[in-house]
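Breakdown of the fold
Each chain is listed here by its residues.
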Amino acid sequence: MSPTRLKRSFLQASSSLFLNLAGAFMDAGTRARTRKSLYALDDHMLKDMGISRSDIDRIANGKVR
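Scope of this entry: the structure provided in the associated data block. What you see is a predicted model, and the numbers here were worked out from it, not measured in a lab. (Residues numbered from 1 in each chain as written. Predicted model: local features only at pLDDT ≥ 70, side-chain atom pairs only at ≥ 80, totals over all residues. Heavy atoms only, no water.)

Here we look at the overall build of the chain
- Counting secondary structure elements, the chain contains 3 helices and 0 strands.
- Counting helices and strands in the order they occur from the N terminus, the chain gives α-α-α.
- By residue count, 11% of the 65 residues in the chain fall in the buried class. (Helix = DSSP H or I, 4+ residues; strand = E, 2+ residues; numbered from the N terminus. Buried < 20%, exposed > 50% of the residue type's maximum accessible area, 1.4 Å probe, protein only.)

Now the structure itself:
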């Protein structure tokens, strides 16, 4: 394999890894903000939306029934 092709494939793999890591951090931030926002609501507001405090982590993780 030529040095140019090797560099190109390395850069493509590196950028793909970076995008995967960036996506994971953005997802973690979104989950944290969702969790924080829902925990800030009182029990009556949560009940009006049809959820309970025990549902918050599941909802923030995207595992909705």
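Text resumes after the structure shown.
Digging into the pattern of salt bridges
- Counted according to the given criterion, the structure contains 3 salt bridges.
- Salt-bridge contacts for D57 lead to R35; the nearest nitrogen and oxygen are separated by 2.9 Å. Within this pair, whereas D57 is found in helix α3 (residues 56–60), its partner R35 is found in helix α1 (residues 3–40), the two being separated by 22 residues in sequence.
- A relative accessible area of 24% places R35 in the partly exposed class.
- R53 is the salt-bridge partner of D43, the closest N and O atoms lying 2.8 Å from each other. Placement of the pair is D43 in helix α2 (residues 43–49) and R53 in the loop between α2 and α3, with a sequence separation of 10 residues.
- A residue is classified by how much of its surface remains accessible, and R53, at 30% relative accessible area, is partly exposed. (Salt bridge = Lys/Arg side-chain N within 4 Å of Asp/Glu carboxyl O.)

Some details on the environment of M49
- Mapping M49 onto the fold places it in helix α2.
- M49 sits in the partly exposed class, given a relative accessible area of 48%.
- Discounting chain neighbours no more than four positions away, the residues touching M49 are L38 and L41. (Contact = heavy atoms within 4.5 Å.)

Observations regarding the environment of L46
- You can see L46 is positioned in helix α2.
- Placed 10 residues apart in sequence, L46 and I56 show a C-alpha to C-alpha distance of 9.5 Å.
- Ignoring any residue separated from it by four or fewer positions in sequence, one finds L46 in contact with L38, L41, I51, R53 and I56.

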